[in-house]
Amino acid sequence: MTANLDHATAIELDITGMTCASCATRIEKKLNKLDGVTATVNYATEKAKVFYGTGIEPRQLIEQVEAAGYSAALPVKEEAPEQEADETAPLRQWLIGSAVLSVPVIVLAMVPAFQFTYWQWISLTLAAPVLVWAAWPFHKAAWTNLRHGAATMDTLISMGTLAAFLWSLYALLFGTAGVPGMTHPFELTVQRMSGDGNIYLEVAAGVTTFILAGRYFEARSKRRAGAALRALLELGAKDVAVLRDGREERVPTDRLVVGDLFVVRPGEKIATDGVVTEGSSAVDASMLTGESVPVEVGPGDAVAGATVNAGGRLIVRATRIGADTQLAMMAKLVEDAQTGKARVQRLADRISAVFVPIVIALAVGTLMFWLGAGGSVSAAFTAAVAVLIIACPCALGLATPTALLVGTGRGAQLGILIKGPEVLESTRRADTVVLDKTGTVTTGQMSLVEVHVAEGVDADEALRLAGALESASEHPIARAIARAAGDGLPKAEEFTNLEGLGVQGIVDGKAVLVGRSALLEQWSHRLPEALAEAKAAEEKLGRTAVAVGWDGQARAVLVVADTVKPTSADAVRRLCALGLTPVLLTGDNEAAARAVAAEVGIDQVIAEVLPQDKVDVVTRLQREGKVVAMVGDGVNDAAALAQADLGLAMGTGTDVAIEASDLTLVRGDLRAAADAIRLSRRTLRTIKGNLFWAFAYNIGALPLAAAGLLNPMIAGAAMAFSSVFVVSNSLRLRGFR
């Protein structure tokens, strides 16, 4: 029965013990059996989002998860970084220990020249810890699954490795394998044989090591799933100067209460959401709004926490703190978008649901058949073990990690970071690419783009005088003008910053004014008609026009804008060539967005959107049946990046955007987005090819093994060959250009 979500209570549970996507499905089914409960379990983030009605207690939900063989707990608000690091530490220890012990075992078994007297007993001594200690996670998961009547890849790994090890132990203790001077020829023969003279310790140890390697790299990438939220909350100010009895007192931000007055100096982050009571300044809110031009604020204006005061000193009254702030709400948006992501049903796990029970049944059937047909117990066990070993997914364990390692390694060389296998499927299906404007298509930095001058005025002189005056200001527009004016500027005297209007001062003996038209009009400097028209035309394009006057007249208009990156137009062409429809999405005004879109060749524009609206835009496109890739760089893009089927973050952007995305483009070059999608699609094709051959080798040899015509040594060799093939196929990705 489905809960009425409008009146249901929502809760998130932290789930532990999941080893594959089928575990998430099992927990989900178990939770949804409760009356009035609707649950979604995310294997990647290891969380369950549960909606439940009256009569249900959180304790019941936890008990239901535990009944499925897993652990659940209510989430802890602040997760310590040490706990996060510990998650992969045991896997890393198992992997290193297993690799160190397995390599000699494999070398001794495969190279007859190294097989000294009693070598087989040394192999047993080295392989035993691998099977008992390093393979423990597989045995534990297999036992848990067995208790609940389920089978996964863990079941097959556990059974195959234990079968190979126990048979080797039998052959050493009760067969002829333990005799001094026994050698283990590496030969391919198809014949019925007893098998009690052969040991398969290299199969048991090698499989364990290979599969552990795959699990470790997967766990390392999953560990980052919750980092977006931590990175987002890290953006906030750590402490704040609160006004108490007329004195400033420095306190941690978590001690702020609604109604407190606090001081924000130039360059400082605003501690929390509030209203300005004294002072005026320009506030850089680009990390929240995506708008590159700082916002002028004065008494009565609202300001958001974590934005940066770029100008004068402000006194702010706190209006919202903690979980109610705009930053915290944005963190919640990212979390919701991540939890709501489609569950990844990995191909290997989907196949294993059918493959594993069939293999186990076939191995048992083989044993029973040969015993019933009058064959020796040794021959019957040899055939059954051969079935388990040939089916043991060694190449399957390598299929995804090797292609991912080579693909991601090549990507890193090209400045592309791929987060994990689930990302690749999205690149293949994506048909729409949503591009954030500021910092993605454009540089995200204000630059001087045009100088309009009155008749008889030298443009260089106008820029020199304005630059000399603006070089004394910290405002981003002022810095753009000063940067364009270059070095060696004259010194400005009697400099005055007129909040919200501009600046004035004396340069080379001239009284210079730079700022809004209103500032010049206060001094009766009216813009000539040609300059007024030029200013209006530039503002229609969404650019910022700054008036300049000296010696009693308005003489120039300097135009500042966020400029388009030189590679953006080429990048848009490449994305279109990959079958993607580009959409420009921005918090900026419509005119500026249209001008940028026209310059780079984008037809579809969605402008003047707030951060939460960006998520809505992506969701709307998804509802229309589109598979959406999103490219962004700011905190304001983080939730939309997480909501998109494929999130690509510019590495020049914020850590939050990077953490919320699936792919990170280290270069601030949009062309890398096209390269990233091409590389991801190629890596996915390689993984699918690997999975096909990993199964094809095993399935092709299963009938031979069941017929008793394939001894476990050949089974091990076939498996080794399939592994070599898979690794070689993956290495072809190194040639990606």
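Residues numbered from 1 in each chain as written. Predicted model: local features only at pLDDT ≥ 70, side-chain atom pairs only at ≥ 80, totals over all residues. Heavy atoms only, no water.

- Under an unreviewed UniProt entry, the name given to the chain is Cation-transporting P-type ATPase B, and the source organism is Amycolatopsis xylanica.
- In its Subcellular location (unreviewed entry) section, the UniProt entry covering the chain states "Cell membrane".
- We quote the UniProt Catalytic activity (unreviewed entry) comment for the chain here in full: "ATP + H2O = ADP + phosphate + H(+)". (UniProt positions renumbered as here; feature names shortened; annotations may be inferred.)

1. A few points about the overall build of the chain
Link 1 in the chain: The number of helices and strands found in the chain is 27 helices and 26 strands.
Link 2 in the chain: Taken across its 737 residues, the chain has 52% of its residues classed as buried.
Link 3 in the chain: Contacts in the chain between residues far apart in sequence, at least 24 positions, make up 69% of those at least 6 positions apart.
Link 4 in the chain: Of the roughly 31500 Å² of accessible surface on the chain, 57% is carried by carbon and sulfur atoms. (Helix = DSSP H or I, 4+ residues; strand = E, 2+ residues; numbered from the N terminus. Buried < 20%, exposed > 50% of the residue type's maximum accessible area, 1.4 Å probe, protein only. Contact = heavy atoms within 4.5 Å. Areas by Shrake-Rupley, 256 points an atom, 1.4 Å probe, with all protein chains shown as cover.)

2. Topic: a nonpolar patch on the surface
Link 1 in the chain: A surface patch of nonpolar side chains, about 440 Å² in accessible area, is lined by Val 364, Met 368, Leu 371, Val 377 and Phe 381.
Link 2 in the chain: Breaking the nonpolar patch down by element, the ones donating at least two residues are helix 12 (347–372) and helix 13 (377–391).
Link 3 in the chain: By residue number, the principal contributor to the nonpolar patch is helix 12, which donates 3 residues.
Link 4 in the chain: Along the chain, the position of Val 364 falls in helix 12.
Link 5 in the chain: For Val 364, a relative accessible area of 45% puts it in the partly exposed group. (Patch = residues over 30% accessible without salt bridge, like charges linked within 9 Å, V, L, I, M, F, W, Y side chains within 5 Å. Salt bridge = Lys/Arg side-chain N within 4 Å of Asp/Glu carboxyl O.)

3. Observations regarding the pattern of salt bridges
Between side chains of opposite charge, a pair can form when the charged atoms approach closely.
Link 1 in the chain: What the rule picks out here adds up to 26 salt bridges.
Link 2 in the chain: For Arg 250, the salt bridge identified is with Glu 268, shortest N-O distance 3.5 Å. Residue Arg 250 is found in strand 6 (residues 247–252), and its partner Glu 268 is found in the loop between strand 7 (261–264) and strand 8 (273–278); the two are separated by 18 residues along the sequence.
Link 3 in the chain: The salt bridge partner of Glu 539 is Lys 535, with a shortest N-O separation of 3.0 Å. Of the two residues, Glu 539 and Lys 535 both sit in helix 20 (residues 529–540), 4 residues apart, roughly one turn of that helix.
Link 4 in the chain: Look at Glu 539 and you get partly exposed, because its relative accessible area is 39%.
Link 5 in the chain: What you see here is one network of salt bridges that share partners, running through Asp 570, Arg 573, Arg 574, Asp 669, Arg 671, Asp 675 and Arg 678.

4. Quick word on the side chain of Ser 168
Link 1 in the chain: Counting through the fold element by element, Ser 168 comes out in helix 7 (residues 153–173).
Link 2 in the chain: At 2.7 Å, the side chain of Ser 168 and the backbone oxygen of Ala 164 are in polar contact. (Polar contact = N/O pair within 3.5 Å; in protein donor to acceptor, adjacent residues only side chain to side chain.)

5. A look at the pairing of strand 24 (residues 628–632)
Link 1 in the chain: For strand 24, the tally of buried residues reaches 5 of 5 residues, placing the bulk of the element in the interior.
Link 2 in the chain: Side chains of strand 24 alternate between two faces, with Val 628, Met 630 and Gly 632 and Ala 629 and Val 631 buried alike.
Link 3 in the chain: Where strand 15 (residues 432–436) and strand 24 come together, 4 bridges link them in parallel fashion. Bridging across to strand 24, Thr 432 finds its partner in Val 628.
Link 4 in the chain: In terms of strand pairing, strand 24 meets strand 25 (residues 646–650) through 4 bridges, oriented parallel. When the bridges of strand 25 are listed, Met 630 appears paired with Gly 647. (Pairing = 2+ DSSP bridges.)

6. Digging into the UniProt feature "transmembrane region" (unreviewed entry) in the chain
Link 1 in the chain: Look at the UniProt record and you will see "transmembrane region" (unreviewed entry) annotated at residues 94–112, 118–136, 156–179, 199–217, 351–373, 379–406, 690–707 and 713–731.
Link 2 in the chain: Secondary structure content for residues 94–112 is 89% helix and 0% strand, and the end C-alpha separation is 28 Å.
Link 3 in the chain: Its end C-alpha atoms 31 Å apart, residues 156–179 is made of 75% helix and 0% strand.

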